[in-house]
Amino acid sequence: MKRVMICRTNIVFLSNLQSDHCPLYLCSMSTKTKPSIRSLNLDEIKSFLESHGEKGFRAKQIWEWLWQKSVTDFESMTNLSKNTRQLLEEHFTFLPVSIDSFQVSKDRTIKDAFKLSDGNIVEGVLIPTDSRMTACISSQVGCSLTCKFCATGKLARIRNLEAEEIYDQVVLIRDQAKQHYDQSLTNIVYMGMGEPLLNYKNMMTSIERITSPDGLGMSPQRITVSTAGIAKMIKKLGDDEVKFNLALSLHAANDEKRNQIMPINEQNSLDALAEALNYFYEKTGTRVTFEFIVFRDFNDGIQDAQELAAYCRRVKAKVNIIEYNPIDDGEFQQTLPQRLDRFKAVLEEKGIIVNVRRSRGKDIDAACGQLANKNEAILKTDSGTVLKK
């Protein structure tokens, strides 16, 4: 006999316990101690229902409401009886994410301030182009990595996002793409606030919910996870044989320079990352992308390009060159167009696949490296409009 006990925010399964009594449940819980229904897996929902005299097949119906139809209240589950909905309401809650405010750029990029159930704010971006609609989403509230060029890196890490909070960002941005541009979401990048590999379990669960046929059904090949470079977690991605794409925020191809701008490199050297990335490639067959922001007079010279080309010979990779987007401290500057072109040419001469990623949403601080914990009042400027939802 399997017994299930719900206690505070956890559901604990106690296997093979024999008892002549009914399973133990805490049947009346305050809102603060109710677990989120979306923290349960399908088997846990089924066990809960059966232990309360409900039919087990109802679990599949609930699962579809949660992850296919993306509802965040029990009343919307209209194919369940009123009593079943009431049972769920008594024992569970949701941790819904909402759009607190959003800004629209001149180039149609939309930056969202997402409000979490505990009042914290994270940001996400809808990036529209002629060929795709991309959601850039966050994985943590703040960040602990202190990269020198990134606005989010100047914030303290407050907490990891739950899988459902990551999922909700995708749903909200998907709906926004439909509402504003009448287009479907085509791509997702985990490139918002936080380091996804430091929230590994919730990141992986969110991708499973987004890609599963009984979830949003998006192809994992349309998802890219970006990391600052944590060697052991990159190897874990390989062991898990993930199907999504991986991008490494490189930005310098020698340890001395990378240490200056990315302190994480002191514990995850370029040698260690090369080993981990090659292991990832062997396990998954997926070529990694190097993201390389070019800073004026720091890493935009011919020698820098040659070092990057040499590193690409060690790791099967393509390169995205990214324009630098200034943040408030002004420590770094955007490189000159002619220096960027020369940098790109050196790589191409070495046979490296190179794309230059032009920044979008710069006028509303929505571009790469600019996301920070801002939630301003209603404001109209020449560059964009901040709107309360």
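Residues numbered from 1 in each chain as written. Predicted model: local features only at pLDDT ≥ 70, side-chain atom pairs only at ≥ 80, totals over all residues. Heavy atoms only, no water.

### Topic: the overall build of the protein chain
Move 1: Along the backbone of the protein chain there are 10 helices and 16 strands.
Move 2: Counting only residues that meet the buried cut, the protein chain has 52% of its 389 residues in that class.
Move 3: Here the contacts in the protein chain between residues at least 6 apart in sequence split such that 64% fall between residues at least 24 apart.
Move 4: Counting only carbon and sulfur atoms, one obtains 46% of the accessible surface of the protein chain, whose full area is about 18,000 Å². (Helix = DSSP H or I, 4+ residues; strand = E, 2+ residues; numbered from the N terminus. Buried < 20%, exposed > 50% of the residue type's maximum accessible area, 1.4 Å probe, protein only. Contact = heavy atoms within 4.5 Å. Areas by Shrake-Rupley, 256 points an atom, 1.4 Å probe, with all protein chains shown as cover.)

### Overview of unusual backbone geometry
Note on backbone geometry: most residues besides glycine have negative phi, and most peptide bonds are trans.
Move 1: Non-glycine residue S70 carries a positive phi angle of around 60°.
Move 2: Mapping S70 onto the fold places it in the loop between α2 (58–67) and α3 (82–91).
Move 3: A residue is classified by how much of its surface remains accessible, and S70, at 15% relative accessible area, is buried.
Move 4: Non-glycine residue D297 carries a positive phi angle of around 60°.
Move 5: Tracing the chain through its elements places D297 in the loop between β12 (288–294) and α9 (302–314).

### Quick look at the side chain of E291
Move 1: Tracing the backbone through its elements, the reader meets E291 in strand β12.
Move 2: Not counting chain neighbours up to four residues away, the residues in contact with E291 comprise M191, S226, A247, L248, S249, L250, H251, N320, I322 and R357.

### Examining helix α5 (residues 200–211)
Move 1: Given a rise of 1.5 Å per residue, 12 residues ought to cover 16 Å, and the 16 Å separating the end C-alpha atoms of α5 matches this to within 8%.
Move 2: Contacts from the buried residues of α5 go to α2, α4 (163–181), β9 (187–190), β10 (223–227) and α6 (231–239). (Expected span 1.5 Å × (residues − 1).)

### Things to note about the pattern of salt bridges
Move 1: If you walk through the whole model with that rule in mind, you get 16 salt bridges.
Move 2: With a closest N to O distance of 3.8 Å, E123 and K111 form a salt bridge. Here K111 lies in strand β4 (residues 110–115) and E123 lies in strand β5 (residues 121–128), a separation of 12 residues in the sequence. Accessibility classification places E123 together with K111 in one group, the buried group.
Move 3: With a shortest N-O distance of 2.8 Å, D300 and R339 are connected by a salt bridge. Of the two residues, D300 sits in the loop between β12 and α9 while R339 sits in helix α10 (residues 337–349), which places them 39 residues apart along the sequence.
Move 4: Within the structure, one salt-bridge network assembled from shared partners comprises R38, E164 and D168. (Salt bridge = Lys/Arg side-chain N within 4 Å of Asp/Glu carboxyl O.)

### Quick look at the packing of aromatic side chains
Move 1: Applying the stated criterion across every chain, the model contains 12 aromatic pairs.
Move 2: Relative to F332, the ring of F298 has its centre 5.8 Å away and its plane inclined at 70°; by these criteria the two rings are edge-to-face. Linking F298 in the loop between β12 and α9 with F332 in the loop between β13 (317–323) and α10, this pair joins segments that are 34 residues apart in sequence.
Move 3: We classify F298 as buried; its relative accessible area is 14%. (Phe/Tyr/Trp six-rings, centres within 6.5 Å; stacked < 30°, edge-to-face > 60°.)

### What to know about the confidence of the model for the protein chain
Move 1: Residue-level pLDDT values for the protein chain average 86, and 82% of them are 70 or greater.
Move 2: Scored below 50 in pLDDT, residues 366–371 shows 35 contacts in the model against residues more than four places distant or in partner chains.
Move 3: For residues 373–389, every residue scores under 50 in pLDDT, and the model assigns this stretch 42 contacts once sequence neighbours within four places are set aside. (pLDDT = per-residue confidence, 0-100.)

### Observations concerning a positive patch on the surface
Move 1: A cluster of basic residues, R132, R222, R287, K316 and K318, forms a positive patch at the surface.
Move 2: Position of R222 among the secondary structure elements: in the loop between α5 and β10.
Move 3: Judged by its relative accessible area of 42%, R222 falls in the partly exposed class. (Patch = residues over 30% accessible without salt bridge, like charges linked within 9 Å, V, L, I, M, F, W, Y side chains within 5 Å. Lys, Arg positive; Asp, Glu negative; His and termini not counted. Charge placed at Lys NZ, Arg CZ, Asp CG, Glu CD.)

### Brief notes about the packing of α4 against α5
Move 1: Contact geometry of α4 with α5 gives a least axis separation of 8 Å together with a crossing angle of 45°. Classified by the interaxial angle, the pair formed by α4 and α5 is oblique. When you trace α4 past α5, the crossing you get is right-handed. Contacts between α4 and α5 involve A163, I166, Y167 and V170 from the first element and N202, M203, T205, S206, R209 and I210 from the second.
Move 2: Class assignment for the residues of the contact of α4 with α5 results in six nonpolar, three polar and one charged. (Axes fitted to C-alpha atoms, helices over the stretch in contact; angles between N-to-C directions. Parallel < 35°, antiparallel > 145°, perpendicular 65-115°, else oblique. Left-handed = near helix turned anticlockwise from the far one by under 90°. Nonpolar A, V, L, I, M, F, W, Y, C, P; charged D, E, K, R; others polar.)

### A word on the pairing of β13
Move 1: Across the seven residues that make up β13, a large majority, six, are buried.
Move 2: Pairing between β12 and β13: seven bridges, direction parallel. Note on β13: the bridge partner recorded for V294 is E323.
Move 3: Examined bridge by bridge, β13 and strand β14 (residues 354–357) share four bridges and lie parallel to one another. Of the residues in β14, the one forming a bridge with V319 is V354. (Pairing = 2+ DSSP bridges.)

### Re helix α8 (residues 270–284)
Move 1: With 15 residues, α8 ought to run about 21 Å at 1.5 Å a step, and its terminal C-alpha atoms sit 21 Å apart, in line with that.
Move 2: Buried residues of α8: L270, L273, A274, A276, L277 and F280, and no others.
Move 3: Buried positions along α8 lie against α6, β11 (245–249), α7 (255–261), β12 and α9.

### A short note on the side chain of T335
Move 1: Among the secondary structure elements, T335 is positioned in the loop between β13 and α10.
Move 2: A relative accessible area of 7% places T335 in the buried class.
Move 3: A distance of 2.5 Å separates a polar atom in the side chain of T335 from a polar atom in the side chain of D300.
Move 4: Setting aside residues up to four positions removed in sequence, T335 forms contacts with V294, F295, R296, D300 and L340. (Polar contact = N/O pair within 3.5 Å; in protein donor to acceptor, adjacent residues only side chain to side chain.)

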